[in-house]
Amino acid sequence: MPQITGETGHSKAVLEFHKVSFSYGNIKVLDEISFHIHEKKVTALTGKNGAGKTTILKLILGLEKPSSGEITLFGKPAVQERSKVGYVPQQVLYDPAFPVSVREVVLMGRVKPFSRKYSREDKDAVNDALRQAEIEDIAERSFTALSGGQRRRVLVARALASKPELLIMDEPTANMDEDSENRLSSVLSSLKGKSSILIVTHDSDFVSSMTDEVLCIGHAALGAASSVVRHLTEPAGNGRIVNHDTRLPDCCCGDHICGKSEG
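K.L.:
Explain the sheet that holds strand 12 (residues 239-248) residue by residue, including any values.
P.N.:
Reading across the sheet, the eight strands line up as 6-7-8-3-10-11-12-9 and stay open at both edges, with mixed pairing between neighbours. What marks the edges here is a single partner per strand, and that holds for strand 6 (85-88) and strand 9 (206-208). Direction aside, neighbouring strands of the sheet carry axes that sit 30° apart on average. Here four bridges tie strand 6 to strand 7 (residues 166-170), and the two strands are oriented parallel to one another. Bridge pairing in strand 7 places glycine 86 opposite leucine 167. Sitting on the sheet, helix 1 (residues 53-61) is in contact with strand 3 (42-46), strand 6, strand 7, strand 8 (196-201), strand 10 (213-217) and strand 11 (228-236), with an inclination near 145° to strand 8.

Dropping the structure here:
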């Protein structure tokens, strides 16, 4: 994979959309969108509800296929590399009557096709994930007995157990109390600079202070509803304000991949 440079320094592109279009029936949601995110950076994908964030997530995870265009992960067709992606959903459906412990939920992150046994490596990865997510002390508790914030950190640990090269989090702080939000922030701080992280959020004006780069989809001031635009941010208290008056070219990194995005 060639190196790319830009506003975030020298880094590889771990995910790239190149002229990707998608429609639900006759309703066009994405129209030749192009963007990329960088290795070991924290990227925020922002946009109001209905802007297309969920569609982009489904395309990355292989739950939908683009009608045209190309999606690459780690320089290869996305379908070949999706096992390297860890995903933390906004919420998860579960049966409150089903007895499953926190450790067992995290162990699900190690599930492999055609394998019914967990190795020592799997168990070590789960212990590492429990430690990273700061939930070792509740590892044997019932998942259903946890608070919403605790369950969210368990889902983060489940994703981390797979040793992902790209961690994607959908609205990670939604409906969290202040203590849970602070604990999750601590987890993300420990991962910053070590992992590639994509945080999807509906708050298009304010992002975490940990954010390295911001991509905004469907902002009304930019015209086309399906556009994805790279913005500058400015420090503001404990976070950063997104400056919607700025528009960085997605090819600002300078290599042939980014040039392709502008073509």
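On we go from here.
K.L.:
Give me the side chain of aspartate 122: which residues, what numbers.
P.N.:
Mapped onto the secondary structure, aspartate 122 falls in helix 4 (residues 120-132). For aspartate 122, the residues in contact, after removing those within four places along its chain, are Arg110, Lys112 and Lys117.

K.L.:
Hey, could you go over a nonpolar patch on the surface for me, with residue numbers and the actual values?
P.N.:
Taken together, the side chains of Met108, Val111 and Tyr118 make up a nonpolar region of the molecular surface, amounting to roughly 270 Å² of accessible area. Assignment of secondary structure puts tyrosine 118 in the loop between helix 3 (102-107) and helix 4.

K.L.:
Give a detailed account of the side chain of serine 34, specifying residues and quantitative values.
P.N.:
Its place among the elements puts serine 34 in strand 2 (residues 27-38). Of note is the side chain of serine 34, whose polar atom sits 2.8 Å from the backbone nitrogen of lysine 19.

K.L.:
Tell me about the packing of aromatic side chains, and name the residues and values.
P.N.:
When we look at a pair of aromatic rings, we describe it by the centre distance and by the angle of the planes. One pass over the structure, following the stated rule, counts two aromatic pairs. It is lysine 84 that lies over the ring of phenylalanine 74; its NZ or CZ is 5.4 Å from the centre.

K.L.:
Can you break down the nonpolar core residue by residue, with the values?
P.N.:
Ranked by internal contacts, the top residues of the largest apolar core, which has 33 residues, are Val106, Ile135, Val154 and Leu167. Counting residues per element, the ones that place at least two in this core are helix 3, helix 4, helix 5 (148-161), strand 7, helix 6 (178-191) and strand 8. Ranked by residues supplied to this core, first place goes to helix 5 with seven residues. With sequence-adjacent residues up to four places away left out, valine 106 is seen in contact with Val126, Ala129, Leu130, Val154, Ala157, Arg158 and Ala161. Grouped together as the second largest cluster of nonpolar side chains are 28 residues, Phe17, Phe35, Phe74 and Ile168 included.

About the criteria used
Residues numbered from 1 in each chain as written. Predicted model: local features only at pLDDT ≥ 70, side-chain atom pairs only at ≥ 80, totals over all residues. Heavy atoms only, no water. Pairing = 2+ DSSP bridges. Helix = DSSP H or I, 4+ residues; strand = E, 2+ residues; numbered from the N terminus. Axes fitted to C-alpha atoms, helices over the stretch in contact; angles between N-to-C directions. Contact = heavy atoms within 4.5 Å. Patch = residues over 30% accessible without salt bridge, like charges linked within 9 Å, V, L, I, M, F, W, Y side chains within 5 Å. Areas by Shrake-Rupley, 256 points an atom, 1.4 Å probe, with all protein chains shown as cover. Salt bridge = Lys/Arg side-chain N within 4 Å of Asp/Glu carboxyl O. Polar contact = N/O pair within 3.5 Å; in protein donor to acceptor, adjacent residues only side chain to side chain. Phe/Tyr/Trp six-rings, centres within 6.5 Å; stacked < 30°, edge-to-face > 60°. Lys NZ or Arg CZ within 6 Å of the ring centre and 35° of its normal. Core = buried A, V, L, I, M, F, W, Y, C linked by side-chain atoms within 4.5 Å. Buried < 20%, exposed > 50% of the residue type's maximum accessible area, 1.4 Å probe, protein only.

That is the geometry; function is a separate question.
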